[in-house]
Amino acid sequence: KKMLLSLPRHFAQSGIRRTCHTKIIVQPGDSKEIRDYKERIRKNDRVLRGVTENAVVSVANITNSVRTAKEKHGLSPLTTRLLGRAIAAGTTMAMSLKGDERVILDWAGEGPLKRVVVEASRNGEVRGYVDNPNLDMPVSTPLGYALRTGVLRVTHILYNMSTPYNSIVSIAVIFAIF
């Protein structure tokens with residue numbers, strides 16, 4: 001069953017086909033169980049996909065996942081922002097997976113952040129970790145500066161396969177002094 005996606009007007013005007021729509025409204029006659037269920041669904045994080053003639057657009061609202069990670073790991077504002085971006089990347093990549101497949105993004109660098117790891121699956125499960133949760137740097141610090149030189153490893157774990165697919169690429173940050 002195909003549902004309609006509510007996207008902002010500028011997306012609709014750019015030619016994105018609307019593919020899914022979720023609108024949770026609590027009705028006056030709903031029982032307490034139904035109201036609680038609808039409220040739980042409404043508060044869940046979401047990743048939406050739109051398709052144009054030239055591109056696929058993904059939008060992630062992962063506020064609750066990032067808030068939970070901040071509370072459980074005791075993250076500083078900077079590491080919260082950087083882990084949140086990594087979680088967004090993992091969840092949007094996981095949208096293209098099938099079944100119980102998973103994707104793992106592992107950034108390892110020589111900078112003060114050291115490492116960021118995110119694992120996500122298509123069914124919405126996501127978890128993340130940073131090596132230095134209390135990193136004391138300005139909140140506007142980019143991920144590249146916090147990691148510096150290192151590697152990004154992407155692991156795709158396929159359902160019923162014993163060996164995952166791995167891709168590794170080096171990352172380097174060039175600093176300019178003005």
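Bear in mind the structure is a predicted one, so any value in this text is a computation, not a measurement.

Engineer: When you look at the overall build of the chain in this model, what are you seeing that I'm missing?
Structural biologist: Helices and strands together make up the secondary structure of the chain, namely 5 helices and 7 strands. The secondary structure elements of the chain, listed N-terminal to C-terminal, are α-α-β-β-α-α-β-β-β-α-β-β. Residues classed as buried in the chain amount to 28% of the 178 residues present. For the chain, the proportion of contacts with a sequence separation of at least 24, taken over those separated by at least 6, is 49%.

Engineer: Please clarify how the sheet that holds strand β6 (residues 150-157) should be interpreted in this entry.
Structural biologist: Pairing between the strands of a sheet comes from backbone hydrogen bonds, and it takes one of two forms, parallel or antiparallel. Across the sheet, 5 strands lie side by side as β5-β4-β3-β6-β7; this open sheet has antiparallel pairing. A strand with exactly one partner marks an edge of an open sheet, and here the two such strands are β5 (126-130) and β7 (165-171). Pairs of neighbouring strands in the sheet enclose a mean axial angle of 10°, with direction left out of account.

Engineer: Hey, could you run me through the pattern of salt bridges in this one?
Structural biologist: A pair can form between side chains of opposite charge whenever their charged atoms are brought close. Per the stated rule, a full pass over the model turns up 4 salt bridges. Here R102 ties to E119 by a salt bridge, and the two come within 2.3 Å at their closest N and O atoms. Taken as a pair, R102 in strand β3 (residues 102-109) and E119 in strand β4 (residues 115-121) lie far apart in primary sequence, 17 residues in all. Assessed through its relative accessible area of 31%, R102 is described here as partly exposed.

Engineer: What exactly am I supposed to notice about the nonpolar core here?
Structural biologist: Here is a general trend for soluble globular proteins: nonpolar side chains tend to be buried in one another's company. Formed by 24 residues in total, the largest nonpolar core has its most connected members in L83, V103, W107, L113, V116, V130 and L135. Contributions of two or more residues to this core are made by α3 (63-73), α4 (77-94), β3, β4 and α5 (143-147). Here this core gets 6 residues from one element, more than from any other, and that element is α4. Not counting residues within four places of it along the chain, the set of residues in contact with V103 comprises G90, M93, A94, L97, V118, E119, A120, V154 and T155.

Engineer: Help me understand α4, please; the structure alone is not making it clear to me.
Structural biologist: Three or four residues apart is the spacing at which side chains of an α-helix point the same way, because the helix has 3.6 residues per turn. With 18 residues, α4 should cover 26 Å at 1.5 Å per step; its first-to-last C-alpha distance of 26 Å lies within 8% of that length. Regarding α4, the residues found buried are L78, T79, T80, L82, L83, G84, A86, I87, G90, T91 and A94.

Engineer: In this structure, what is going on with the packing of aromatic side chains? I would like to understand it.
Structural biologist: Aromatic rings considered in pairs are described by the distance between their centres and by the relative angle of their planes. A complete count under the given rule lists 0 aromatic pairs for this structure. Stacked on the ring of Y145, the Lys or Arg R148 has its end atom at 4.5 Å from the ring centre.

Engineer: Would you take a moment to explain the side chain of E101 for this structure?
Structural biologist: By the secondary structure assignment, E101 is in the loop between α4 and β3. Polar side-chain contacts of E101 include one of 3.0 Å to the side chain of H156. Excluding its chain neighbours within four sequence positions, the residues that come into contact with E101 are A120, S121, R122, H156, I157, L158 and Y159.

Engineer: Hey, could you run me through unusual backbone geometry in this one?
Structural biologist: Negative phi values dominate among residues other than glycine, just as trans dominates among peptide bonds. Phi at K114 takes a positive value of approximately 70°, unusual for a residue other than glycine. As for its position among the elements, K114 is in the loop between β3 and β4. For R148, which is not glycine, the phi torsion reads 60° and is therefore positive. In this structure, R148 sits in the loop between α5 and β6. Note on R148: relative accessible area 28%, which makes it partly exposed.

Engineer: Hey, could you run me through the confidence of the model for the chain in this one?
Structural biologist: If pLDDT is low for a region, its predicted coordinates should not be looked at in detail. Mean pLDDT over the chain works out to 77, with 78% of the residues at or above the 70 mark. When the criterion is pLDDT under 50, residues 1-23 qualifies, and its contacts beyond four places in sequence or with other chains add up to 33 contacts.

What counts and how
Residues numbered from 1 in each chain as written. Predicted model: local features only at pLDDT ≥ 70, side-chain atom pairs only at ≥ 80, totals over all residues. Heavy atoms only, no water. Helix = DSSP H or I, 4+ residues; strand = E, 2+ residues; numbered from the N terminus. Buried < 20%, exposed > 50% of the residue type's maximum accessible area, 1.4 Å probe, protein only. Contact = heavy atoms within 4.5 Å. Pairing = 2+ DSSP bridges. Axes fitted to C-alpha atoms, helices over the stretch in contact; angles between N-to-C directions. Salt bridge = Lys/Arg side-chain N within 4 Å of Asp/Glu carboxyl O. Core = buried A, V, L, I, M, F, W, Y, C linked by side-chain atoms within 4.5 Å. Expected span 1.5 Å × (residues − 1). Phe/Tyr/Trp six-rings, centres within 6.5 Å; stacked < 30°, edge-to-face > 60°. Lys NZ or Arg CZ within 6 Å of the ring centre and 35° of its normal. Polar contact = N/O pair within 3.5 Å; in protein donor to acceptor, adjacent residues only side chain to side chain. pLDDT = per-residue confidence, 0-100.

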